[in-house]
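Breakdown of the fold
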Amino acid sequence: MGREHIKVAKFGGSSLADAAHFQKVREIVEADPERRYIVPSAPGKRSPQDEKVTDLLYLCYEEAKHGRPYKKLLKKIKERYKEICRDLSMDFFLESDFGKIEAAFLEHAGAEYAASRGEYLNGKLLAAYLGYEFVDAAEVVRFGKDGRFEDERTNFFLGQKLSRLERAVIPGFYGADDAGNIHTFSRGGSDVTGAIVARAVLADLYENWTDVSGFLLADPGIISHPRKIDVMTFEELRELAYRGATVLHEEAVYPVRREGISIHIRNTNAPEETGTVICSRIAPEEEVPITGIAGKKNFAAISIAKNRMNSQPGFCKKLLEAFEENDIVFEHMPSGIDTICVILPQEELAVKEAAIMESLSRLLSPDKIEIDRDMALVTVVGKGMRSVCGIAARFFTSLGDADVNIKMIDMGSNEINCTIGVKNDDFERSIQALYHALVEVPWEEKQK
């Protein structure tokens, strides 16, 4: 007999916001016995006007830390969990856990500890509701003292622990160092936990359940009813997630990609819909020209000009050294013969502008340095772009017709993405123009 199939299912905050959603989650889990390991987020918003539990925990901790009244906030958080228990008719209490959390807040346990408690409490509650074992992520998800995630140690501890458990709930978003101090991934980090659990148990599939029916080709806040992508590669997902597409945390790709485990994005509120499958390879005949259009605002471009720059060995090395010594990570570095441009987040430049300008002047002795602010980056991604004639023409014509001035162009070396820089004010208009030209108009018509 072959081994049993295993699925890891991660449920986001919107999927666990209240008792009605808990019931949907149990129906989904029980509908497929292969869903053996469940990763929950903290309760999300129940309505647009509502608050996320994680945000309340941050605020409550800050009030307690600074000696300000915090009990009203703590009571509000308790009520969220009590309401879920009551509406599910569960005889389950978290009072002792809240007592420990309050004591830890008063002892200044840290903002990361505070933020993690939403997942911790929701994990305990969901495990009890499903009848699964609860595994505290602090025991199996390892971080170093410096807060860096330790993937190999985590894989070992998780693999050992879960190999002894038929079914378990492991809360997302956090882990701990060897001294027991809590550390968290960045926001949306429960996606990462789901991926590392899938890797540790060598799952056949990692399901990521959220409030959308798959990966949309563009932001629905900018494009009305954008198309859904049925299948895409990890490479395409990584590009889009990094560029601002928010369905999945960008760091969730690595753990499953190395093991060849596909990700399936599904909608908790519409489990009958097919969602989006993200996998290592797609057959050439299944490739679509455009997989997604995404972007972010508020970048700055530092342009460095120096005569005969291209003939000076080590120039780029010195340029990178200037950013390294100031601990700055940049986005793009398009260049010409006598000029080179570095794109970086504007908020980071605001903090380190004087330092980076001093480093660039000292190391490069440039003829001129200019800074262009308030730039947005827009990226079009798609493996199929490489094999379709006329995409570049459609791309740039659509922006010209929309009266969008392009300030920077960077074509990825893997030929699956093209990024442009435009003014912040032109961000939404750029995406709308590109979507219409590259997605809405049928390709058969484009090639006539």
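In the nomenclature of an unreviewed UniProt entry, the protein corresponds to Aspartokinase from the organism Candidatus Choladousia intestinavium. Quoted verbatim from the Sequence similarities (unreviewed entry) field of UniProt, the annotation for the protein is "Belongs to the aspartokinase family." UniProt's Function (unreviewed entry) comment on the protein is quoted here verbatim: "Catalyzes the phosphorylation of the beta-carboxyl group of aspartic acid with ATP to yield 4-phospho-L-aspartate, which is involved in the branched biosynthetic pathway leading to the biosynthesis of amino acids threonine, isoleucine and methionine."

**A closer look at the UniProt feature "binding site: ATP" (unreviewed entry) in the protein**
According to UniProt, the "binding site: ATP" (unreviewed entry) feature falls on Lys10, Phe11, Gly12, Gly13, Thr210 and Asp211. The greatest C-alpha distance among the residues just named is 12.1 Å, despite their covering 202 residues of sequence, which places them together in space. As for the largest pocket, its lining draws on Lys10, Gly12, Gly13, Thr210 and Asp211 from among the annotated residues. By the element assignment, lysine 10 lies in strand E1 (residues 7–11). With a relative accessible area of 7%, lysine 10 lands in the buried category.

**A look at the sheet that holds strand E2 (residues 35–40)**
The mixed open sheet is built from eight strands, whose spatial order is E3-E4-E2-E1-E7-E11-E12-E10. Of all strands in the sheet, those with a lone pairing partner are strand E3 (133–134) and strand E10 (231–233), marking the two edges. Strand direction decides the pairing type here: strand E7 (residues 205–210) and strand E11 (residues 262–267), joined by six bridges, are parallel. Residue pairing across strands places threonine 210 opposite asparagine 267, the latter belonging to E11.

Criteria and cut-off values
Residues numbered from 1 in each chain as written. Predicted model: local features only at pLDDT ≥ 70, side-chain atom pairs only at ≥ 80, totals over all residues. Heavy atoms only, no water. UniProt positions renumbered as here; feature names shortened; annotations may be inferred. 1 Å grid on protein atoms, 1.4 Å probe; cavity = no way out; pocket = protein on both sides within 12 Å on 5 of 7 lines; lining within 4 Å. Helix = DSSP H or I, 4+ residues; strand = E, 2+ residues; numbered from the N terminus. Buried < 20%, exposed > 50% of the residue type's maximum accessible area, 1.4 Å probe, protein only. Pairing = 2+ DSSP bridges.

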